[in-house]
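Inside the fold
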Amino acid sequence: MKKKQSKNKTNKGIALLLSIIIVFCILATVVFSVSRKISTEMSNSAIQNLSESLDLMKGTIEAILVKEAEFQKLIAQEIANIENPEGFVRSYHKNQTMVKLSIILSGKTEGISNTGELFSEAELNFSSGKTVDNLAISESYLNYMGTWAYTMKCPVEKEGKTIATLYAEYVYDSFDKSLPNGFYNGKAMLYIMDAENERLVLKPKGMGERSAGHLNLEDFFRANNILEESLRKEVFECVKNGKNILFYHDVRQKSALNYMWSVNDGYIYLIGYVPIEAIQQEGKTVNQNILIVVIVMLVAFFLCCMVYYFNQKQQNKIRKEREEEREIHNKRLAQALQAAQIASNSKTTFLSNMSHDIRTPMNAVLGFTTLLAKDAENPVKVREYTKKIMASGQHLLNLINDILDVSKIESGKVVLNIEEFTLKDLVSSIDAIIRPMARTKKQNFHLEVTAIKHEYLMGDKTRINQILINLLSNAVKYTQEGGDIWFRIIGLKQRSSQYEHIKIEVEDNGYGMTPEYLETIFDAFTRAENSTTNKVQGTGLGMAITKSIVELMGGTIEVFSEIDKGSLFRVELELRIPEEQADKQFWKNSGISRILAVECGEACKDIQTLMKDTRVTVDIVSSKQEILHNIQQYYNTQQQYNMILIDWNILDIDDIEMIKEIREMLTDSVPILFLIDYDKDNTKEVEQVLCIKNTNTLAKPFFVSALKEKIFEIQSEQKEEEVPETTKISTLKGLHFLAAEDNEINAEILAELLEIEEASCEIVENGQLAIERFMNAKENEFDAILMDVQMPVMNGYEAAIKIRALNREDAKNIIIIAMTANAFAEDEKEALEAGMNVHMAKPINIDVLKKIVKQYVKRKE
Amino acid sequence: MKKDDKSNIKKIVVVFLTVITMFTIIACGSNEENSKNLISSEQEDKKVVNLFGPMEKTNPDADNVARTAFDMTVAMAEQRLNLIVEYRTYTAENYQERTYDDVTLDRARNNMDDWYLLNPDTIQILGSEGKLADLSVLDSAKNLREVVKTANVVNGKLVAIPQEIVVHGLFVNKDMFDKYHLPLPNTPEEFLECCEVFQQNGIETPVGANRWWLENFVFAQAYADLYNGENTEEEIQALNNGERKYSDYMRTGFEFLQKLIDNGYIDAEKAYISEAIEEERADFLAQKTPIVMAYWGAANTETAYGNTDFELQVIGFPSQRGQMPVVSMTGYGVNVNAQHLKDTMDVLDIIFSDEALQIYTKTNKVISPSKNVEVDCIEALKPLNNKIEENIYVLGSNAAMNVEQWGNTCIIVRYLLNGASVEECMAEFDRLQQKALTK
């Protein structure tokens, strides 16, 4: 199709070109014809002008000759009346025209001249028979003055009888004054030629060639390259017959009009030439003007063509751009459509997956509930069923949480809850969750923390937790039994002193992923395998959530994986270092200024690095001998060690004695801590060592916060030993709650749970009723208020605000616990802002409730 | 950026159209003049001065360089003086006609022209007749070389000035000399030997001659000692007062010419009726004749020997003192009764100025009469130029001698060509000397 279009375009172009050429050809022909016609007319006119000019000159010369003849006749008449004609002649003084006067008396052969010389007619040639006014005229000759001359003879008659012959010599130079001073702007050449001897006898001023004269007709022809025999013959024929001739012939490589103009019946000739360019000057000018007009027209035409061409080019360009734009637009539309289709497909798949994933635990719940109803009398089975229902419910909850997370992230509603946290807490919580999971699958969980400079950091601990649990739980899920999982936190070089740059690596040697899947791993609603065929349960949203959170924190996440070799997820985050780390005075107050750390390899360096800011001196020794030596060295001095840290790995059974020895060397108040790996099964040995006074363990990896906690714990124990144990509330027993819950089932479950814990509760259906009930209650009637958030009439937040606003002493202090299915940080924040004390996500976990109640009731007390 | 380009194109188109419109308006507009007289001042008659000079026949489409150089100086004068120099010419159709010199004498005596190009003999004659004006009054005359003044002073008047110092020499076909392993001749004897060898090799007439320039052989042998010795002035004085005879100087030269004639090295009959260059040129260029004689400028002129197919060398005439250039002074003289005497003198002052002679010398590559102008000559002329630079030459004409040399010797050589004996020729010299003494 395109080829056809292109061919059509080419044909159109050729047709246009041909049309232009034809128009130009016609124009050229017309111009040429007009020009030629003008040239011809001009030429004819010029020839006519030339002929007229030559005729004029001819007439002038002939008139001179006639006048000379007439004058000579008059002299002859005068002489006839004089007695001494010779005396008259002798007395004649030459003038510019008649330069010599001679007379031969009749019957004599010699006469005399006015110059005093003898004169004979034999010197002259009258044989041509040419006459002027009936007077014979001689052939031209070079006279005594060195110039060309002619003589006319006139009989002197007296009384009808010829008594003498008068000869008068005339010079051709005299013609010069009567002839024009050049013609055709001095470009025409003119010579006067004697027809008899063909000598050029006069070159009138301004009419001959300056660079060379011409001798005779032959020389004139030779010099002007007129060598054609036929032409020359014709010319000579004309000269012989006294006719005029005008012919074209090139002279000096220029076209010229040559002429030979007979004067006095061919006695003399005017010969010469005039270049055509001089004769047709007007024609040339006209042609030049025509040419200029044509050129201007052509230029104008080409300008128009150019303008048209550029316009077309511009139009084509715009059209092309539009087409391209349209094409891009179409492409985008197609892409969008495709993306929409993919999204639709993904969502369809997702819904299908979700449907399956929700149905599965739901089936379990419903199924076991049915079974529960049936086997309600069998406590063993009841426990078993409830356990399974619990697990299924938990799974469902996770599923819903993930979906809500994705929904939040996608709609951009996620707000990070930045607060101070310690890496120690992070690692501990992760370890507490992942290690049991790994253990279940008989996997080895390796935890490494290196090169961290600051362990107190600012960040959304919950979200970081979420990231790590996602990555690690995936690692556990997708690693075969007995596999290895590495969890590394590595401190990187700080880009800014205010930020700790950390790299988190989660590596496993599990199933790995295909390159194709790697490309979509972070897309929502994708899963390594279709959930309907996969044994591993999951929403397929985890990685998308993880990536989104990492990016929200300004970090990066990358993944490397190979099938059957394992995967490596690498997260880099920059977390702000808190400006003032809490309780810097802790060490001083604890009385610890010098610590001895024994042989813990890289970990010791970390201890030194982490303790750098605490102003506590950490000495590191690598051998047992050195321990004793160092302790002895500083014993009982101001620099003595306040704590000893010993890497458990360097110890063996025999070293227990050494520990005892150390213990003896130190005062009892100096604790000895052993750094122990989490996963090492060495409980017996540890128990043995811990029998030694003021010894304790500290889990690896080393964190200052952990150390601080341990110190606090040890010191608390020491205090507890000193202070008798006070009453502690460990359960909910005896407590009386006010619960606002609109859902009857939830309300019932809550009531049942509290009853199980031997606590009581009063349930109202909305916030408004809760306020009213509280207002009507006696002071301190309720230990706490459990407030659902989403309720009809008045929601929980509003109710909390109003309760706090009540003018009652206990309204300010009553513990209000938010209960909501909205498990996000923002919900918690909102709850706190509404004056609630704590946020508890639904469904209610009785242990969590216990913990909260324990914490707040205690505080209340 | 694209917008700028478009704007520029628009600007260019607008400017272009404006210019075209302006041109059109100017072209269509008429030139209104105040004067009603349609004849422009340029068309008014200009002053004219008439020059009479020889006519050189021109070939179709060929430029006469020698004349071109002269024309350039004349054009300079015409432009500066706002006048026209009219050329009048004459050349004899054949040997039977009156010579250019004859016609010149007649025309000068009858005051036909304002100024003339004169051969040395006519300078002598017209100068001694008082027909020529004194040119020493010209400013440009102050720059002339001494030799120029010496050769053209008659009765204390500088009667003619050349535009070039004409040096005559032998034009030889070096290739032909090399072909027959002949060195270029220095002495008359060597010259005769060369001719003999050429003749033996089938070149019947080795020397191309005309009726004008054979006299150079005579001058070279006659005056080699006189002009290159130490007693030049005394010897001329002795000749002028009759103590010594011209015939004694001329004899060896004439005897040498006689030998050339007798041995057929020159064709006397042909030479007698040949005009300069006309007859011998064709054979020389066709390499049928290895030797011709001509003046310096002929080596630069295409109409003469300016373009040869062989290696041309121009050397001096043979003499006992070696190769001898012959210097003659063809000069311009002004008719003392010229109709336009002042204008003519003004013209001459310009054409002999250093500025004009510089142009002339540069164009013709000839030796300038001005001591301030040097020549950069072609390779072929270097042997001759070297001799001049060494001050080795003889004068073909000397106004200081009371017997005119150039014209008379030429005529007497023609006698020899016409069959007169050497003795008869010597007798003619004696007669001329006697005539001069009695004058």
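These figures come from a predicted structure and were not determined experimentally.

Description of the overall build of chain B
In terms of helices and strands, chain B carries 17 helices and 12 strands. Burial analysis of chain B (439 residues in total) assigns 47% to the buried set. Residue pairs at least 24 apart in sequence account for 77% of intrachain contacts in chain B once pairs closer than 6 positions are excluded.

Some remarks on the overall build of chain A
Along chain A, the regular secondary structure elements total 24 helices and 30 strands. When burial is assessed residue by residue, chain A has 32% of its 861 residues classed as buried.

Concerning unusual backbone geometry
Residues other than glycine predominantly adopt negative phi, and peptide bonds predominantly adopt the trans conformation. All names here are of chain A. Of note, the phi angle at Asn 134 is positive, near 70°, even though the residue is not glycine. For Asn 134, the position within the fold is in the loop between strand E4 (131-132) and strand E5 (135-137). Even without being glycine, Ala 451 reaches a positive phi, approximately 55°. Its place among the elements puts Ala 451 in the loop between strand E15 (444-450) and strand E16 (456-459).

Notes on the sheet that holds strand E13 (residues 268-275) of chain A
Residues and elements named next belong to chain A. Spatially, E10-E9-E13-E12-E11 is the arrangement adopted by the five strands of the open sheet, whose pairing is antiparallel. Where the open sheet ends on each side, the last strands, each with one partner, are strand E10 (200-202) and strand E11 (245-251). Averaged over all pairs of adjacent strands, the angle between strand axes in this sheet comes to 35°, irrespective of strand direction. Examined bridge by bridge, strand E9 (residues 189-194) and E13 share six bridges and lie antiparallel to one another. Bridge assignment links Met 193 to a residue of E13, and that residue is Tyr 269. Sitting on the sheet, helix H5 (residues 229-241) touches E11, strand E12 (254-263) and E13, and the angle it makes with E11 is about 145°.

Considering the sheet that holds strand E21 (residues 594-598) of chain A
Residues and elements named next belong to chain A. Here we have five strands laid out as an open sheet, ordered E22-E21-E23-E24-E25, and parallel in their pairing. In this open sheet, the two strands that pair with only one neighbour each are strand E22 (617-621) and strand E25 (695-699). Here the strands of the sheet are splayed against their neighbours by 25° on average, with no regard to which way each runs. The pairing of E21 with strand E23 (residues 643-647) spans four bridges and is parallel. Looking at the pairing, Ile 595 lines up with Met 643 of E23.

Some details on the packing of helix H10 (residues 461-477) of chain A against helix H12 (residues 542-552) of chain A
Helices that pack against each other are described as a pair by the angle of their axes relative to one another and the distance between those axes. Residue and element names in this part refer to chain A. Running from N to C, H10 and H12 point in directions that differ by 145°, and their axes come no closer than 10 Å. Seen from above, H10 lies across H12 with left-handed handedness. The residues of H12 that touch H10, namely those facing Arg 463, Gln 466, Ile 467, Asn 470, Leu 471 and Asn 474, are Gly 542, Ile 545, Thr 546, Ile 549 and Val 550. A per-class count over the contact of H10 with H12 returns five nonpolar, five polar and one charged.

Some thoughts on the confidence of the model for chain B
Atom-level detail of predicted coordinates should not be read off regions where pLDDT is low. Residues and elements named next belong to chain B. Considering every residue of chain B, the mean pLDDT works out to 87; 91% of them sit at 70 or more. Mean pLDDT values for the elements of chain B range from 72 in helix H1 (residues 2-28) up to 96 in strand E7 (residues 207-208). Prediction confidence for the complex, expressed as pTM and ipTM, is 0.52 and 0.72 respectively.

Thoughts on the nonpolar core
Within the largest apolar cluster, 120 residues are counted, with the highest numbers of intra-cluster contacts made by Phe 171, Ala 294 and Val 394 of chain B. Ranked by residues supplied to this core, first place goes to helix H8 (residues 215-228) of chain B with nine residues. Two domains each donate at least three residues to this core, and these are domain 1 (46-165 + 329-381) and domain 2 (167-327 + 398-438) of chain B. Aside from chain neighbours lying at most four places away, what touches Phe 171 of chain B is Val 292, Met 293, Ala 294, Ala 299, Tyr 305, Leu 312 and Val 314 of chain B. Counting residues in each nonpolar core, the second largest holds 76 residues, with Val 99, Ile 103 and Val 263 of chain A together with Val 103 of chain B among its members.

Overview of helix H9 (residues 423-440) of chain A
Each turn of an α-helix holds 3.6 residues, which means side chains three or four residues apart point in the same direction. All names here are of chain A. In this model, H9 (18 residues) spans 25 Å end to end at C-alpha, consistent with the 26 Å of a helix rising 1.5 Å per residue. The sharpest bend along H9 comes to roughly 30°, located at Asp 431. Of all the positions in H9, only Leu 423, Lys 424, Leu 426, Val 427, Ile 430, Ile 434 and Ala 438 are classed as buried. Downstream of H9 by one or two residues, Lys 442 has phi in the positive range, about 55°.

Describing helix H15 (residues 382-389) of chain B
All names here are of chain B. Of the residues making up H15, those classed as buried are Leu 384, Asn 385 and Ile 388. Each buried residue of H15 sits inside an arc of 95° when the element is viewed along its axis, so together they form one side. The secondary structure elements touched by the buried residues of H15 are strand E6 (166-173) and strand E9 (312-315). Just downstream of H15, Asn 391 is the residue with a positive phi angle, here 65°.

Some remarks on the environment of Gly 297 of chain B
With respect to the element layout, Gly 297 of chain B can be found in the loop between strand E8 (291-295) and E9. It is 8.4 Å that separates the C-alpha atoms of Gly 297 of chain B and Val 167 of chain B, two residues lying 130 residues apart in sequence.

Looking at the pairing of strand E20 (residues 566-576) of chain A
Residues and elements named next belong to chain A. Looking at chain direction, strand E18 (residues 499-508) and E20 are connected through 10 bridges and run antiparallel. When the sheet's bridge partners are listed, Lys 503 is paired in E20 with Glu 572. Two strands pair when backbone bridges link them, and strand E19 (residues 556-562) and E20 are joined in this way by seven bridges, in the antiparallel orientation. Each residue of the ladder has a partner; that of Val 559, found in E20, is Phe 569. The turn linking E19 back onto E20 is made up of three residues, and Asp 564 within it adopts a positive phi angle of 65°.

Describing the confidence of the model for chain A
All names here are of chain A. Mean pLDDT over chain A stands at 82; residues scoring 70 or higher make up 89%. Confidence, read as mean pLDDT per element, is least for helix H24 (residues 846-860) in chain A (69) and greatest for E5 (94). Confidence over residues 528-537 falls short of pLDDT 50; this stretch has 12 contacts with residues more than four positions distant or in other chains. A low-confidence stretch, residues 723-730 stays under pLDDT 50, and its non-local contacts, those more than four residues away or across chains, total five contacts.

Details of the environment of Ala 811 of chain A
All names here are of chain A. With respect to the helices, strands and loops of the structure, Ala 811 is situated in helix H22 (residues 809-813). Exposure remark for Ala 811: the 18 C-beta atoms within 10 Å place this residue in the partly exposed category. In the structure, Ala 811 is positioned 36 residues away from Met 775 in sequence and 8.9 Å away in space, judged by C-alpha atoms. Residue contacts for Ala 811: discarding those within four places in its chain leaves Ile 803, Arg 804 and Leu 806.

Focus: the packing of helix H16 (residues 406-417) of chain B against helix H17 (residues 422-438) of chain B
Residue and element names in this part refer to chain B. In the contact formed by H16 and H17, the axes pass within 9 Å of each other and the chain directions differ by 155°. Regarding the angle of H16 to H17, the classification is roughly antiparallel. For the element pair H16 and H17, the recorded crossing hand is right-handed. Contact residues: Asn 408, Ile 412, Tyr 415 and Leu 416 in H16; Glu 424, Cys 425, Glu 428, Phe 429 and Leu 432 in H17. When the residues that make up the contact of H16 with H17 are grouped by side-chain class, the tally is six nonpolar, one polar and two charged.

Rules used in this analysis
- Residues numbered from 1 in each chain as written.
- Chains lettered and ligands numbered in written order.
- Predicted model: local features only at pLDDT ≥ 70, side-chain atom pairs only at ≥ 80, totals over all residues.
- Helix = DSSP H or I, 4+ residues; strand = E, 2+ residues; numbered from the N terminus.
- Buried ≥ 20, exposed ≤ 12 C-beta atoms within 10 Å, placed from the backbone.
- Contact = placed C-beta atoms within 7 Å.
- Pairing = 2+ DSSP bridges.
- Axes fitted to C-alpha atoms, helices over the stretch in contact; angles between N-to-C directions.
- Left-handed = near helix turned anticlockwise from the far one by under 90°.
- Nonpolar A, V, L, I, M, F, W, Y, C, P; charged D, E, K, R; others polar.
- pLDDT = per-residue confidence, 0-100.
- Core = buried A, V, L, I, M, F, W, Y, C linked by C-beta atoms within 7 Å.
- Domains from an automatic or database assignment.
- Expected span 1.5 Å × (residues − 1).
- Bend = angle between axes of the 7 residues up to and from the residue.
- Arc of directions from axis to C-beta.
- Parallel < 35°, antiparallel > 145°, perpendicular 65-115°, else oblique.

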